[in-house]
Amino acid sequence: MSTIFQSRGFTGKGRQAGPAGRVPPGQYVTSDFPVLSAGPTPHIPLERWTFEINGLVKAPRRWSWAEFMQLPARQYTVDIHCVTKWSKLDTSWEGVSLDTLLQVVEVEPRAHVVVAFCDGGYTTNMPLDEVMGDKAFVAYKYEAAPLPPEHGGPARLVVPKLYFWKSAKWVRGLVLAEKDEPGFWESLGYNNHGDPWKEERYHGD
Ligand SMILES: Nc1nc2c(c(=O)[nH]1)N[C@H]1C(S)=C(S)[C@@H](COP(=O)(O)O)O[C@H]1N2
Ligand SMILES: [Mo]
């Protein structure tokens, strides 16, 4: 068990410093699961849901929900860090590794970035090497239950090593590209990269 700094840890109701080494600079730990959405929650029937990967790939692919459910999935327990300064430790998910999906489409060598796109129009960009090596997954369960719509259900991207705005809710696919293009928050002043351990919160950090 890691040590919890209880004496100095509480910074307000529900806010704790958290175990040493687990919480990036400037973050506090919460046991809540806040909802942060830039617009209304979209509701897509599963019969119409697809997940698609295109762009710089040899074999672009689109999976139906039924097909996606057949893909090898696993459980993940990860810490998440929101740029608004809350971190939540040991969140548990079930989903499909991006490695599994990218293997199917055969990424072109000149692809360097991934842009996630979503129902509702949200996008977010990230370097390809930040999502490969089992570092990112498309989750459809949270705490062993179907992912609630407000948290991105039926499926969302989870990229725990980057600030949580990169974890696109209601994700419907990925575009592989050579040249980086800022996504929704990245073009509104958030940092293009968003590494919580380097406090890359805003443009210029
Ligand atoms: N499609 C979509 N994905 C999104 C967002 C959004 O507005 N739309 N907000 C992002 C931000 S800023 C954060 S902090 C997390 C919040 O996820 P949560 O509502 O499950 O806590 O989702 C990210 N993914
Ligand atoms: Mo966020």
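Before any of the text, the structure's been laid out above.
Residues numbered from 1 in each chain as written. Chains lettered and ligands numbered in written order. Predicted model: local features only at pLDDT ≥ 70, side-chain atom pairs only at ≥ 80, totals over all residues. Heavy atoms only, no water.

Visitor: I tried to follow the overall build of the chain on my own but got confused; where do I start?
Guide: In terms of regular secondary structure, the chain is built from 3 helices and 12 strands. For the chain, whose C-alpha radius of gyration is 17 Å, the value lies close to the compact-globule estimate of 17 Å for 205 residues. Principal axes of the C-alpha set define a box for the chain whose edges measure 55 × 40 × 35 Å. The proportion of buried residues among the 205 residues of the chain is 48%. (Helix = DSSP H or I, 4+ residues; strand = E, 2+ residues; numbered from the N terminus. Rg over C-alpha atoms; globule rule 2.2 N^0.38 Å. Buried < 20%, exposed > 50% of the residue type's maximum accessible area, 1.4 Å probe, protein only.)

Visitor: Explanation requested: the site of ligand 1 in the structure shown.
Guide: In the vicinity of ligand 1 lie 20 residues, with Pro34, Ala38, His151, Arg156 and Lys169 positioned nearest. The backbone of proline 34 places a nitrogen or oxygen atom 2.6 Å from an oxygen atom of ligand 1. Backbone polar atom of leucine 36 to an oxygen atom of ligand 1: 2.9 Å apart, as the coordinates give it. When ligand 1 sits alone it has 530 Å² of accessible area, and the protein chains cover 98% of it. (Near = heavy atom within 4 Å. Polar contact = N/O pair within 3.5 Å; in protein donor to acceptor, adjacent residues only side chain to side chain. Areas by Shrake-Rupley, 256 points an atom, 1.4 Å probe, with all protein chains shown as cover.)

Visitor: So what exactly am I meant to see when it comes to the pairing of strand β7 (residues 113-118) here?
Guide: Both faces of the sheet carry side chains from a regular strand, because those side chains alternate between them. Counting buried positions over the 6 residues of β7 gives 5, a clear majority of the element. The hairpin turn running from β7 into strand β8 (residues 123-127), its antiparallel successor, is 4 residues long, and glycine 120 in that turn takes a positive phi close to 100 degrees. The pairing of β7 with strand β12 (residues 171-177) spans 6 bridges and is antiparallel. Across the sheet, residue valine 114 finds its bridge partner in β12, namely leucine 176. (Pairing = 2+ DSSP bridges.)

Visitor: Can you help me understand the environment of lysine 179 in this one?
Guide: Following the sequence through the fold, lysine 179 ends up in the segment after β12. Lysine 179 gets classed as exposed once you look at its relative accessible area, which sits at 58%. Sequence separation between lysine 179 and glutamate 94 is 85 residues, and the spatial gap between their C-alpha atoms is 31 Å.

Visitor: Got a minute to help me understand unusual backbone geometry in this structure?
Guide: Trans is the prevailing form of peptide bonds, just as negative phi is the prevailing case for residues other than glycine. A cis geometry characterises the amide bond from glycine 153 onward to proline 154, with omega recorded as 15 degrees. Within the secondary structure layout, proline 154 lies in the loop between β10 (145-146) and β11 (156-158). The phi angle at aspartate 90 is positive, at roughly 55 degrees, despite the residue not being glycine. Its place among the elements puts aspartate 90 in strand β6 (residues 86-97). Phi angles above zero are rare outside glycine, and alanine 144 is one such case at about 70 degrees. Inspection of the secondary structure assignment puts alanine 144 in the loop between β9 (137-142) and β10. We classify alanine 144 as exposed; its relative accessible area is 71%.

Visitor: Any chance you could explain the pattern of salt bridges here in plain terms?
Guide: Opposite charge on two side chains lets them pair, provided their charged atoms get close. The final tally for this structure, using the stated rule, is 10 salt bridges. We note a salt bridge from lysine 179 to glutamate 181, for which the minimum N-O separation is 3.3 Å. A salt bridge links arginine 201 to glutamate 199; its shortest N-O distance comes to 2.8 Å. The class of arginine 201 is buried, set by a relative accessible area of 5%. A residue is classified by how much of its surface remains accessible, and glutamate 199, at 30% relative accessible area, is partly exposed. (Salt bridge = Lys/Arg side-chain N within 4 Å of Asp/Glu carboxyl O.)

Visitor: Explain the packing of aromatic side chains to me, please; I cannot follow it from the model alone.
Guide: Applying the stated criterion to the full structure yields 21 aromatic pairs. Note on phenylalanine 51 and tryptophan 63: the rings are 6.3 Å apart at their centroids and 40 degrees apart in plane angle, and the pair reads as tilted. On the criterion of sequence distance, the pair formed by phenylalanine 51 in strand β3 (residues 50-55) and tryptophan 63 in strand β4 (residues 61-64) is long-range, its members being 12 residues apart. For the residue pair phenylalanine 51 and tryptophan 63, the accessibility class agrees, reading buried in each case. Between tryptophan 63 and phenylalanine 68 the ring centres are 6.3 Å apart and the planes differ by 85 degrees, which places this aromatic pair in the edge-to-face class. No difference in accessibility class separates tryptophan 63 from phenylalanine 68, as the two residues are buried. If you follow arginine 74 out to its NZ or CZ, it ends over the ring of tyrosine 76, 3.9 Å from the centre. (Phe/Tyr/Trp six-rings, centres within 6.5 Å; stacked < 30°, edge-to-face > 60°. Lys NZ or Arg CZ within 6 Å of the ring centre and 35° of its normal.)

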